[in-house]
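Architecture at a glance
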Amino acid sequence: MKKIICVAALFWVAFVPETFAGEANLAVAANFLEPARRLVARFESQSEKQLPHKVKIISGSTGKLYAQTIHGAPFDVLLAADSHRPRLLEGRGDAVAGSRFTYALGRLALWSADPKRINGDGRAALKSEKFQRLALANPKTAPYGLAAEQTLRSLKLWERLGGKVVRGENVAQAFHFVATENAELGFVALSQVLTYKKKGSHWEVPASLHEPIAQDAVLLTHGKANPAAKAFLEFLRGEAAKKIIRELGYARQAPGGG
Amino acid sequence: MNFSEIDTGPIWLSLQLAGATVILLLIVGTPLAWWLAHTRNRWRTCAEALVALPLVLPPTVLGFYLLIAFGPNGWLGGPVKAVTGSALSFTFSGLVLASTLYSLPFVVQPLQNAFETVGRAPLEAAWTLGASRLDAFFTVASPMALRGYITAAVLGFAHTLGEFGVVLMVGGNIPGETKVVSIDIYDRVETLDFASAHWLSAGLLIFSFLVLVFVYTVNRRLPVRI
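Residues numbered from 1 in each chain as written. Chains lettered and ligands numbered in written order. Predicted model: local features only at pLDDT ≥ 70, side-chain atom pairs only at ≥ 80, totals over all residues. Heavy atoms only, no water.

Topic: the packing of helix α10 (residues 181-190) of chain B against helix α11 (residues 194-221) of chain B
For any two helices packed against each other, one specifies the inter-axial angle together with the distance between the axes. Residue and element names in this part refer to chain B. Relative orientation of the contacting elements α10 and α11 amounts to 150°, with a least axis distance of 8 Å. Overall, the two elements α10 and α11 adopt an arrangement that is roughly antiparallel. Seen along the crossing, α10 lies across α11 with a hand that is left-handed. Residues V181, D184, I185, R188 and V189 of α10 touch α11, and the partners they reach there are F194, S196, A197, L200, S201 and L204. The class makeup of the residues in the contact of α10 with α11 is seven nonpolar, two polar and two charged. (Axes fitted to C-alpha atoms, helices over the stretch in contact; angles between N-to-C directions. Helix = DSSP H or I, 4+ residues; strand = E, 2+ residues; numbered from the N terminus. Parallel < 35°, antiparallel > 145°, perpendicular 65-115°, else oblique. Left-handed = near helix turned anticlockwise from the far one by under 90°. Contact = heavy atoms within 4.5 Å. Nonpolar A, V, L, I, M, F, W, Y, C, P; charged D, E, K, R; others polar.)

Some points on the sheet that holds strand β7 (residues 165-168) of chain A
Residue and element names in this part refer to chain A. As summarised here, the arrangement of the five strands in space is β7-β6-β8-β5-β9, forming an open sheet in which the pairing is mixed. The sheet is open, and its two borders are formed by β7 and β9 (201-204), each paired with just one other strand. Neighbouring strand axes in the sheet, compared pairwise and without regard to direction, differ in orientation by 30° on average. Most of the contacts of helix α8 (residues 171-179) go to strand β8 (residues 185-189), to which it runs at about 140°, and overall it touches β5 (108-112), β6 (134-137), β7 and β8. (Pairing = 2+ DSSP bridges.)

Considering the interface of chain A and chain B
Between chain A and chain B, the contact holds 23 residues from the first and 26 residues from the second. Taking both partners together, chain A and chain B bury about 1900 Å²; carbon and sulfur atoms supply 53% of that area. The largest share of the area that chain A buries against chain B comes from A:Q132, A:R167 and A:N182, three residues that together contribute 27% of it. Where chain A meets chain B, there are zero salt bridges. Linking chain A with chain B are 12 residue pairs in polar contact (both at pLDDT 80 or more). Mapped onto the side of chain A that touches chain B, the elements with two or more residues apiece are α3 (62-70), β7 and α8 of chain A. For the side of chain A that touches chain B, the element with the highest residue contribution is α3(A), accounting for four residues. A per-class count over the side of chain A that touches chain B returns six nonpolar, 10 polar and seven charged. (Buried area = accessible area lost by both parts, 1.4 Å probe. Salt bridge = Lys/Arg side-chain N within 4 Å of Asp/Glu carboxyl O. Polar contact = N/O pair within 3.5 Å; in protein donor to acceptor, adjacent residues only side chain to side chain.)

Overview of the confidence of the model for chain A
Should pLDDT be low for a region, the predicted coordinates there are not to be read in detail. All names here are of chain A. Here chain A averages 88 in pLDDT, and 89% of its residues register 70 or above. Of all the helices and strands in chain A, helix α1 (residues 2-15) carries the lowest mean pLDDT, 57, while strand β3 (residues 77-79) carries the highest, 97. In the predicted structure, residues 16-20 sits below a pLDDT of 50 and forms four contacts with residues beyond four places in sequence or in another chain. Here residues 254-258 is modelled with pLDDT under 50, and outside its nearest four sequence neighbours on either side it reaches three contacts, counting other chains as well. (pLDDT = per-residue confidence, 0-100.)

Details of helix α6 (residues 143-154) of chain A
Two residues of an α-helix separated by three or four positions point the same way, owing to the 3.6 residues in each turn. Residues and elements named next belong to chain A. Under the 1.5 Å per step criterion, the end-to-end length of α6 is 16 Å for 12 residues, consistent within 8% with the ideal 16 Å. Of all the residues in α6, the buried ones are P143, Y144, G145, A147, A148, E149, T151 and L152. Where α6 terminates, the next one or two residues include K156, which has phi positive at roughly 55°. (Expected span 1.5 Å × (residues − 1). Buried < 20%, exposed > 50% of the residue type's maximum accessible area, 1.4 Å probe, protein only.)

So, a nonpolar patch on the surface
Among the surface-exposed residues, B:I23, B:L24, B:I27, B:V28 and B:L97 lie close enough to one another that they form a single nonpolar patch of about 420 Å² accessible area. The dominant element in the nonpolar patch, judged by the number of residues it contributes, is helix α1 (residues 9-38) of chain B, at four residues. (Patch = residues over 30% accessible without salt bridge, like charges linked within 9 Å, V, L, I, M, F, W, Y side chains within 5 Å. Areas by Shrake-Rupley, 256 points an atom, 1.4 Å probe, with all protein chains shown as cover.)

Details of the packing of aromatic side chains
For the structure on display, the rule yields 17 aromatic pairs over all chains. Between the aromatic rings of B:F137 and B:F138, the centroid separation amounts to 5.1 Å while the plane-to-plane angle is 75°, which identifies the pairing as edge-to-face. Accessibility expressed as a relative area gives 10% for B:F137, which makes it buried. B:F138 gets classed as exposed once you look at its relative accessible area, which sits at 54%. Following the ring pairs from residue to residue traces out a cluster consisting of B:W34, B:F115, B:F137, B:F138 and B:Y149. The ring of A:F131 is capped by A:K164, whose NZ or CZ atom sits 5.1 Å from the centre of that ring. The ring of B:W127 carries the charged tip of B:R133 above its face, separated from the ring centre by 4.4 Å. (Phe/Tyr/Trp six-rings, centres within 6.5 Å; stacked < 30°, edge-to-face > 60°. Lys NZ or Arg CZ within 6 Å of the ring centre and 35° of its normal.)

The structure is reproduced here in structure tokens:
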């Protein structure tokens, strides 16, 4: 008898609440995973009083999420690390036209798990070449990787340091290469540094050294009629979300823009 | 689409990695398989389970532990760095070591089976005729276990060629050093270069199929003889 009750209870927990509330699948670029978790927690606790929406997070490199989306992945909202791929999705009809907006401007940081390695200006740490590995996200697939490459090119260090570069599949992997001290230095998202528990040293890369990392959100065609997806995007545009995003190391508006 | 667009570097690198791994595995695997086939030690079952672990573990488990062990401050990477100047993560040697662990059961198990099939009788006969233990192994047991060796080498090679998860985690995607063909395919899929991904994938598919056909043919046709 006990068993039957247990099974029935599990069944209730697993399936029934969904029929009352909306549930959305949120595809998130790896750099924004931690902020997205916090935003979703806030969103869910806020919406609990009215409609208890649920948001499931799926994270990966923007390139991978894009490829999965166009091949029919059941994602409702995409928080990309660039504006290029959301625009492509709009063009293909895989995203709802007009739903795209910039939710955050990414900030790049040079980071080391060693608290003494970076003193103030990270350019010195790079130019000293007293390291064996410099981690960055793959510039071909990850916007933070591209920004890292642009930064090194602006500093005229790309050719010199090319032999030391290791490429993470996305910026999260670049970060864990550095966190596990397999690479002494790495270009990562500032928010990753700010939300990481252990101390290291970092340098906020001036935005003038690379193209802006405009991170766009878009409502995907799969989520066109999903109330939870629409409510989450609405929440993302609001003041509460803006505040969380700013605190976690992102700028909110384009430089020069209002 | 033509072949000139395909960078053959990752293919060669994969072949080198698989070759180096198989050689290392045959050297390490032979005594290990021999011991497993003949010992009555009570730890034998544990040892067999350890050897078989890579078959059931997700590559991420191995990759995670190796990433921690291989770094400049890791228990493996540290000493290696002290001697050679560079740690094991993101290096070709690191990949060889990782692949050796990952493909271990594919080499040890066929060898162990072969040695068990040969049994002790031919060896005991050789010993009574005055052959030393080593002599008996090389002139009697090894030739009789030839099928096992071929299966082990081919499977070890093919399995290393197909390795992905571990390399993704400890490789760092460095062209000419750790960017093997499976990683190259992944990159091309992510950058939507499907044409190249098709060529490389189909190549790997056909190659793997031929390898397995070869192994099964050998197992059926090759007679056991001294």
